[in-house]
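In case you want the letters, here they are:
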Amino acid sequence: MKKLFLAVLLISISPPAFAKTFAVKMITQRFTLHPYRFEPDNLTIQPGDTVTFVDAQNDKHDVMFMTVPKGVDMIMSPELRKKGESWSYTF
């Protein structure tokens, strides 16, 4: 019985088997038509996937989702200011 309980516990706390992790660079190019952009600028993700946003240079940048799935509040990252700082969100 203890082995069965342990197996169920491990399965219930394990991340989804097919979840993926994506990295997105946050790029600032001042004095351009689109000074704040992301690379890649388009991702197709599934529930359980994690996206890590990485500041690509020493300039402030953040992430804000204007449209989110039903039942989810607006998602907003902290403002990153240094190259290499990152923020992750699991959808």
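Criteria and thresholds
Residues numbered from 1 in each chain as written. Predicted model: local features only at pLDDT ≥ 70, side-chain atom pairs only at ≥ 80, totals over all residues. Heavy atoms only, no water. Core = buried A, V, L, I, M, F, W, Y, C linked by side-chain atoms within 4.5 Å. Buried < 20%, exposed > 50% of the residue type's maximum accessible area, 1.4 Å probe, protein only. Helix = DSSP H or I, 4+ residues; strand = E, 2+ residues; numbered from the N terminus. Contact = heavy atoms within 4.5 Å. Phe/Tyr/Trp six-rings, centres within 6.5 Å; stacked < 30°, edge-to-face > 60°. Salt bridge = Lys/Arg side-chain N within 4 Å of Asp/Glu carboxyl O.

Core analysis: the biggest nonpolar cluster contains eight residues, these being Val-24, Met-26, Val-51, Phe-53, Val-63, Ile-75, Leu-80 and Trp-87. Secondary-structure elements contributing two or more residues to this core are β1 (21–28) and β3 (50–55). Those residues in contact with Met-26 that lie beyond four places of it in its chain are Arg-37, Phe-38, Phe-53, Val-54, Asp-55, Ala-56, Gln-57, His-61, Asp-62, Val-63 and Leu-80.

Moving on to the packing of aromatic side chains. Evaluated as defined, the whole model comprises four aromatic pairs. Note on Phe-38 and Phe-53: the rings are 6.1 Å apart at their centroids and 75 degrees apart in plane angle, and the pair reads as edge-to-face. Of the two residues, Phe-38 sits in strand β2 (residues 36–39) while Phe-53 sits in strand β3, which places them 15 residues apart along the sequence. Taking the relative accessible area as the measure of exposure, Phe-38 reaches 28% and is therefore partly exposed. Plain terms: the ring middles of Phe-53 and Trp-87 are 5.9 Å apart, the flat faces sit at 25 degrees to each other, and that makes the pair stacked. Here Phe-53 is found in strand β3, whereas its partner Trp-87 is found in strand β6 (residues 86–90), with 34 residues between them in sequence. Members of the aromatic cluster, each reached through a chain of ring pairs, are Phe-38, Phe-53, Trp-87, Tyr-89 and Phe-91.

What follows deals with the pattern of salt bridges. Applying the stated criterion across every chain, the model contains two salt bridges. Arg-37 serves as the salt-bridge partner of Glu-39, at 3.3 Å between the closest nitrogen and oxygen. Residue Glu-39 is classed as partly exposed on the basis of its relative accessible area of 36%. By relative accessible area, Arg-37 is classed as partly exposed at 28%. Arg-81 serves as the salt-bridge partner of Glu-79, at 2.7 Å between the closest nitrogen and oxygen.

Structural measurements only, silent on function.
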